[in-house]
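Architecture and fold: a report
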Amino acid sequence: MSLPLGLFTSPGPLIFQLGPVSVRWYGLLIALAVLLGLLLATRLGRLRGIDPALIADLLPLMVLGAVVGARIYYVALEWRQYRSDWSDVFAIWRGGIAIHGALIGGTLVTVLFCRWRRQAFWPLLDVLVPAVALGQAIGRWGNFFNSEAFGLPTNLPWALTIPMANRPPEFLEQASFHPTFLYESLWNLGVCALLLVLFRLGGSGRLRLPAGALSCVYLMAYSSGRLWIEGLRLDPLCLFSQPPFCSGGLRMAQLMSLLLILLGGAGLLWLYRFRRPLPDPSGLTA
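Cut-offs applied
Residues numbered from 1 in each chain as written. Predicted model: local features only at pLDDT ≥ 70, side-chain atom pairs only at ≥ 80, totals over all residues. Heavy atoms only, no water. Phe/Tyr/Trp six-rings, centres within 6.5 Å; stacked < 30°, edge-to-face > 60°. Helix = DSSP H or I, 4+ residues; strand = E, 2+ residues; numbered from the N terminus. Buried < 20%, exposed > 50% of the residue type's maximum accessible area, 1.4 Å probe, protein only. Lys NZ or Arg CZ within 6 Å of the ring centre and 35° of its normal. Axes fitted to C-alpha atoms, helices over the stretch in contact; angles between N-to-C directions. Parallel < 35°, antiparallel > 145°, perpendicular 65-115°, else oblique. Left-handed = near helix turned anticlockwise from the far one by under 90°. Contact = heavy atoms within 4.5 Å. Pairing = 2+ DSSP bridges. Disulfide = S-S within 2.5 Å. Patch = residues over 30% accessible without salt bridge, like charges linked within 9 Å, V, L, I, M, F, W, Y side chains within 5 Å. Areas by Shrake-Rupley, 256 points an atom, 1.4 Å probe, with all protein chains shown as cover. Salt bridge = Lys/Arg side-chain N within 4 Å of Asp/Glu carboxyl O. pLDDT = per-residue confidence, 0-100. Expected span 1.5 Å × (residues − 1). Bend = angle between axes of the 7 residues up to and from the residue. Polar contact = N/O pair within 3.5 Å; in protein donor to acceptor, adjacent residues only side chain to side chain. Core = buried A, V, L, I, M, F, W, Y, C linked by side-chain atoms within 4.5 Å.

With that settled, the discussion passes to the packing of aromatic side chains. Scanning all chains against the criterion turns up 13 aromatic pairs. Relative to Phe181, the ring of Trp141 lies with its centre 4.8 Å away and its plane at 80 degrees, an arrangement referred to as edge-to-face. Of this pair, Trp141 sits in helix H6 (residues 141–145) while Phe181 sits in helix H7 (residues 180–204); the two residues are 40 residues apart in sequence, bridging distant segments of the chain. Look at Trp187 and Trp228: their rings are 6.3 Å apart centre to centre, the planes differ by 75 degrees, and that puts the pair in the edge-to-face class. Within this pair, whereas Trp187 is found in helix H7, its partner Trp228 is found in helix H8 (residues 213–230), the two being separated by 41 residues in sequence. We classify Trp187 as partly exposed; its relative accessible area is 32%. Site record: aromatic cluster; members linked through ring pairs are Trp25, Trp141, Phe144, Phe145 and Phe181. A cation over an aromatic ring shows up here: Arg117 above the ring of Trp116, its NZ or CZ 5.4 Å from the ring centre.

Right under this line is the structure:
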């Protein structure tokens, strides 16, 4: 039996098309996320004595590394979709990126950049993570316009209507689903707000905030939300199994979230319990 239609549905991925030129919501949202992220990171960096030009130089490279990392990660885990047609690997405008791949790619680029520019890694990363959380909150809306990354069927008032062509075969008779993109977008806004509050408390001296602490909090806060939201999704990246339920296998995002929570917790323990600075991959001390 079909569930009632949700209150909202995607108008489609295209904003407009003029001949061979098409402008898509996904690309517009990524551009908006980068712009607002640059503004936020620049402002925070200035408060910490980091040259705004340094952040402006890093951010395009970081975004490129994040996009490439996100696509490689997704394709590697969903190779069954692409092995018959290599050209689809490059069709990133259709969706198919993974945030954990983006975090890996963006972090690697930031480490290399810090080594190149002789900049301490953790102070720089601490002013970037609030911008990253804000960018994630904005970017998740690309999933809405692409009618992807939704969750289990539901009849909740805020349910999302998904076109039949985008539904998994197991749920063709269902019409409305959990808008997991919305859950994660709101969660990421909350993470951004938390980081900004901590940043302000650290800057005012009301909270001891050693280099790297804010980054560790980001890892734990973001991953805690992703852990439960991922359990609702019908398009998980699976290890040793296949979606929509990863039966007999593991949901990669949940596995990565657990690892990042442990990593962030270990970092905070190191900073606050043992009162020692985090090892800096730039080779410099904070």
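Let's pick the thread back up.
Let us now look at the packing of helix H1 (residues 25–47) against H7. Viewed as axis vectors pointing N to C, H1 and H7 meet at an angle of 15 degrees, and their least axial separation amounts to 12 Å. Judged by the angle between their axes, H1 and H7 are roughly parallel. Once H1 is placed against H7, the crossing between them reads as left-handed. On H7, the residues that touch Leu40, Leu44 and Leu47 of H1 are Cys192, Leu196 and Phe199.

Read across the open sheet, the 3 strands follow the order E1-E4-E5; overall the sheet is mixed. Two strands in the sheet have a free side with no partner beyond their single neighbour: strand E1 (8–9) and strand E5 (176–177). Pairing of strand E4 (residues 160–161) with E5, which is carried by 2 bridges, proceeds in the antiparallel orientation. Within E5, the residue paired with Leu160 across the bridge is Phe177.

Evaluation of the coordinates by the stated rule reveals 1 disulfide. The partner cysteine of Cys238 in its disulfide is Cys246, sulfur to sulfur 1.9 Å. Disulfide Cys238 to Cys246: torsion about the S-S bond roughly -70 degrees, handedness left-handed. Each member of the pair, Cys238 as well as Cys246, carries the same accessibility label: buried. Free of any disulfide, Cys114 has its nearest neighbouring cysteine sulfur in Cys216, separated by 15 Å. Judged by relative accessible area, Cys216 falls into the buried class, the value being 5%.

A contiguous nonpolar patch, built from Ile15, Phe16, Leu18, Val21 and Leu28 and spanning about 470 Å² of accessible area, is present on the exposed surface. Examining the composition of the nonpolar patch, we find that 3 residues originate from one element, strand E2 (residues 14–18), more than from any other.

Residues of the protein chain with pLDDT of at least 70 account for 92%, and the chain-wide mean is 90. The low-confidence segment residues 1–5 (pLDDT under 50) makes 14 contacts with residues lying over four places distant or belonging to another chain.

Looking now at helix H2 (residues 52–77). The terminal C-alpha atoms of H2, which comprises 26 residues, lie 37 Å apart, in line with the 38 Å expected from a rise of 1.5 Å per residue. By the largest-angle criterion, Leu58 marks the main kink of H2, which is about 25 degrees, and a proline, Pro60, follows within four residues. Of the residues that open H2, the one with a side-chain oxygen 3.1 Å from the backbone nitrogen of Ala53 is Asp51.

Another point: the nonpolar core. Counting 57 residues, the largest nonpolar core has Ile55, Leu124, Val127, Leu128, Leu195 and Tyr218 as its most contacted members. Mapped onto this core, the elements with two or more residues apiece are H1, H2, helix H4 (99–117), helix H5 (121–139), H6, H7, H8 and helix H9 (252–273). Per-element accounting of this core gives the leading share, 11 residues, to H5. Not counting the four nearest positions on each side in its chain, Tyr218 is found in contact with Leu103, Val129, Val132, Ala133, Gln136, Val191, Leu195 and Ser223. In this structure, Tyr74, Ala98, Leu237 and Met252 belong to the second largest nonpolar core, which totals 6 residues.

Attention shifts here to the pairing of strand E3 (residues 21–24). Alignment of E2 against E3, held across 4 bridges, turns out to be antiparallel. Residue pairing in the sheet places Gln17 in a bridge with Ser22 of E3. Between E2 and E3, which pair antiparallel in sequence order, lie 2 residues; one of them, Gly19, sits at a positive phi of approximately 65 degrees.

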